[in-house]
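Descriptive analysis of the structure
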Amino acid sequence: MSASTSARRVSLSNSVIPTALAIKVDTRGAVILNEDSPQTRDSRNIYLPNHVEPVSHIAVDIGGSLAKVVYFTRSPQPPDSPSLLATFGSNGGLSGSSSDAPRTPPDEFAPSTTPPSAKATKFNGALTPLVLNEHQHHGPQGSYPDASFGAELARRASLRNFPGGSLNFERFETEHIEECVDFIKELVEQSAAVNGVSIEEMKASVKIMATGGGAHKFYELFSSELGVEVRREDEMECLITGLKFLTLIPSEVYSFSDQLMKYLPTSTAELERPSPNPPQYQVQFEDQPSPQLPCLLVNIGSGVSIIKVDEDGNFERVSGTSLGGGTLWGLLSLLTPATTFDEMLELSENGDNATVDMLVGDIYGQDYSRLGLKSTMIASSFGKVFKKGQGGKKATLKPEDISKSLLYAISNNIGQIAYMNAEKYGLDRIYFGGCFIRGHVATITTLSYAIRFWSKGSKRAMFLRHEGFLGSIGAWIKNIEGYSPGNGGQETNASQS
């Protein structure tokens, strides 16, 4: 049963479902804030300066490896960094540039120089309990030439909330799901204290919108430990809903233009085959975003799902592979001392895959020009490991080199499968999502260039700043029923407890 169907029903057996409350998610002026550290580059907050209505539900997307949380909070003051500088990084020369002009990559594309560390639990403001809006007064009376303007003015005047708030993003390892539960519990308790309401009133307003496989596996845990209503939402539907919403946020979506970085030679007519060091292109952001359908969504989590979306937003899972982020995480846990995904990505940034992979040059001693194969192209992932272990002596390989090799192997495989599906269904836009990407430069450039090469430049890989939160943001939006992508505020309905 779809979410919209469940909202329209007012009774089910002996249970009564509350009627829907109209809400607007106002994306006008939305700004992506600066990250706290390189480890939060894919989970920075989104400041919505014009959103005025209370939202007290929390969305959780629980995958096989990570649980991703999205929630909306208000605070007396706006964040310190809602600026274009925060959105585009600290590189100079970005102000006043047009939406289609290539830009220097922002800070998140720079290699991490600080070791990964546990992120301190923090809360940006508090959830707004719906109880504060139960006794609303009527807005300005009178007639207006524009009826919709009058209705909007009355609606805003009836609300007791100041405008502005932050859409917050957090993630936890599914193996330690109790940390996620404790975080939400603390958020609810703090929100009750900040708003001056009882914990019972706060819990009556809060709903958990759960999606992903863990929404079923951990349903009883969340329900019993938090003492709030828990709703389960379809995983694929949430992914598409999240994609449609996030593509409305300025500078959320980015891709690589046809213009090479300045320090590289001029592009040749024929693209080089994918290699560990593909040509680097300028990053360009979507400053004036709009829904881009039809498209292919490649969601890279523990495994990979490939979803075809038509121009009306209808979707179908058409392919996938079991070789995804969980594969990288699992193998590197066995082969390196890294214990977290961020540690593994940092290792890869300092590695040299040529010590592990067998390259074309290792076989031919040079380029194989007739087939367009550069000597640095990977002929066999991990192909040198066996040769180095000959003579009964096990090869000694650096964790950094192993990490780089395996990252390329997984990324190249996903890029090839994504291209073949896009070609099969005649789709030119390919969005990559999922926590595997994590704003990591080597992953992004590998996927992007693979699509560019195999399609001969006719298809474009698109990325998102919050690529790992498509499912959770979709679950958050789906609780606000009737959401439809468009410009400005989005008319929605949310069931009220």
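Values in this document were obtained by computation on a predicted structure and should not be read as measured data. (Residues numbered from 1 in each chain as written. Predicted model: local features only at pLDDT ≥ 70, side-chain atom pairs only at ≥ 80, totals over all residues. Heavy atoms only, no water.)

It is worth spelling out the overall build of the protein at this point. Each helix and strand in the protein was counted, giving 15 helices and 21 strands. Sequence separation of at least 24 residues holds for 73% of the intrachain contacts in the protein that already meet a minimum separation of 6. About 22,200 Å² of surface is accessible on the protein, with carbon and sulfur atoms providing 51% of the total. (Helix = DSSP H or I, 4+ residues; strand = E, 2+ residues; numbered from the N terminus. Contact = heavy atoms within 4.5 Å. Areas by Shrake-Rupley, 256 points an atom, 1.4 Å probe, with all protein chains shown as cover.)

A separate point is the confidence of the model for the protein. In this model, the protein carries a mean pLDDT of 75, and residues with pLDDT of at least 70 account for 66%. Confidence over residues 82-121 falls short of pLDDT 50; this stretch has 85 contacts with residues more than four positions distant or in other chains. Note on residues 261-269: pLDDT under 50 across the span, and 12 contacts to partners over four residues away in sequence or across chains. (pLDDT = per-residue confidence, 0-100.)

Here we come to a negative patch on the surface. A cluster of like negative charges, contributed by Glu175, Glu178, Glu179, Asp182, Glu186 and Glu189, occupies part of the molecular surface. When you line up the elements, Glu189 lands in helix 4 (residues 177-195). (Patch = residues over 30% accessible without salt bridge, like charges linked within 9 Å, V, L, I, M, F, W, Y side chains within 5 Å. Salt bridge = Lys/Arg side-chain N within 4 Å of Asp/Glu carboxyl O. Lys, Arg positive; Asp, Glu negative; His and termini not counted. Charge placed at Lys NZ, Arg CZ, Asp CG, Glu CD.)

You will see that Phe382, though not glycine, has its phi angle at about 65 degrees, which is positive. The exposure class assigned to Phe382 is partly exposed, which follows from its relative accessible area of 25%. (Buried < 20%, exposed > 50% of the residue type's maximum accessible area, 1.4 Å probe, protein only.)

The buried count for strand 8 (residues 165-173) comes to 8 of 9 residues, which makes it a mostly enclosed element. When strand 5 (residues 46-48) meets strand 8, the two strands line up antiparallel, connected through 3 bridges. Bridge pairing in strand 8 places Ile46 opposite Leu167. Looking at chain direction, strand 7 (residues 66-73) and strand 8 are connected through 8 bridges and run antiparallel. Residue pairing across strands places Ala67 opposite Phe172, the latter belonging to strand 8. (Pairing = 2+ DSSP bridges.)

Residue placement: Gly471 occurs in helix 15 (residues 470-478). Here the alpha-carbon distance between Gly471 and Gly63, two residues 408 residues apart in the chain, equals 9.6 Å.

Another point: the sheet that holds strand 7. What the 7 strands build is an open sheet, ordered 4-5-8-7-6-9-10; its pairing is mixed. Looking at the sheet topology across the chains shown, the edges are occupied by strand 4 (31-32) and strand 10 (229-232). Bridge analysis of strand 6 (residues 58-62) against strand 7 gives 5 bridges, and the strand direction is antiparallel. Paired with Asp61 across the strands is Lys68, a residue of strand 7.

Tallied over the entire structure, the rule returns 10 aromatic pairs. Aromatic ring contacts, followed pair by pair, group Tyr254, Phe285, Phe432 and Phe463 into a single cluster. Over the aromatic face of Tyr219 sits the side chain of Arg232, whose NZ or CZ is 3.9 Å from the ring centroid. (Phe/Tyr/Trp six-rings, centres within 6.5 Å; stacked < 30°, edge-to-face > 60°. Lys NZ or Arg CZ within 6 Å of the ring centre and 35° of its normal.)

Another point: a nonpolar patch on the surface. Residues Leu331, Leu334 and Leu335 make up a contiguous nonpolar surface patch of roughly 310 Å² in combined accessible area. Looking at the element boundaries, Leu335 is found in helix 9 (residues 325-335).

With respect to the helices, strands and loops of the structure, Thr443 is situated in helix 14 (residues 441-454). Ignoring sequence-local partners within four residues, the contact set of Thr443 consists of Leu407, Ser411, Phe436 and Ile437.

Membership of the largest hydrophobic core comes to 40 residues, with the highest contact counts inside it found for Val298, Ile300, Ile414, Phe432, Phe436 and Phe463. Looking at this core element by element, the count peaks at 9 residues for helix 13 (residues 399-425). In this structure, Ile300 is in contact with Gly324, Gly325, Ile414, Phe432, Gly433, Gly434, Cys435, Phe436, Ile437 and Leu447, ignoring residues within four places of it in sequence. One finds Val25, Met209, Leu297 and Leu464 within the second-largest nonpolar core, a separate group that totals 34 residues. (Core = buried A, V, L, I, M, F, W, Y, C linked by side-chain atoms within 4.5 Å.)

What follows concerns helix 14. Helical geometry: 3.6 residues make up each α-helical turn, so side chains three or four residues apart lie on a common side. With 14 residues, helix 14 extends 20 Å between its outermost C-alpha atoms, agreeing within 8% with the 20 Å of an ideal straight helix rising 1.5 Å per residue. Buried residues dominate helix 14, accounting for 12 of its 14 residues. Lys456 lies just past helix 14 and shows a positive phi near 55 degrees. (Expected span 1.5 Å × (residues − 1).)

Quick look at the pattern of salt bridges now. Under the defined criterion, the tally for this structure stands at 10 salt bridges. A salt bridge links Lys68 to Asp61; the nearest nitrogen and oxygen atoms lie 3.9 Å apart. Here Lys68 falls in the buried class, since its relative accessible area comes to 9%. A residue is classified by how much of its surface remains accessible, and Asp61, at 7% relative accessible area, is buried. Between Lys185 and Glu225 there is a salt bridge, with its nearest N and O atoms 3.5 Å apart. In this pair, Lys185 is assigned in helix 4 and Glu225 in helix 7 (residues 219-226), connecting sequence segments 40 residues apart.

To continue, consider helix 4. Taking 1.5 Å as the rise per residue, helix 4 with 19 residues should run 27 Å; its terminal C-alpha atoms sit 27 Å apart, in good agreement. Along helix 4, the residues that are buried comprise Ile177, Cys180, Val181, Phe183, Ile184, Leu187, Val188, Ser191 and Ala192. Axial view of helix 4: buried residues confined to an arc of 165 degrees, hence all on one face. Exposed and facing more than 90 degrees away from the buried side of helix 4 are Ala193 and Val194. (Arc of directions from axis to C-beta.)

Glancing now at the environment of Arg438. The topology assignment puts Arg438 in the loop between strand 18 (429-433) and helix 14. On the accessibility criterion, Arg438 (3% relative accessible area) is buried. A polar contact of 2.9 Å, which involves the side chain of Arg438, links it to the side chain of Asp342. Separated by 3.3 Å, the side chain of Arg438 and the backbone oxygen of Cys435 make a polar contact. (Polar contact = N/O pair within 3.5 Å; in protein donor to acceptor, adjacent residues only side chain to side chain.)

Below, the discussion takes up the environment of Glu316. Within the secondary structure layout, Glu316 lies in strand 15 (residues 315-321). In the structure, Glu316 is positioned 79 residues away from Glu237 in sequence and 9.7 Å away in space, judged by C-alpha atoms. Beyond its immediate sequence surroundings of up to four residues, Glu316 is in contact with Ile306, Ile307 and Lys308.

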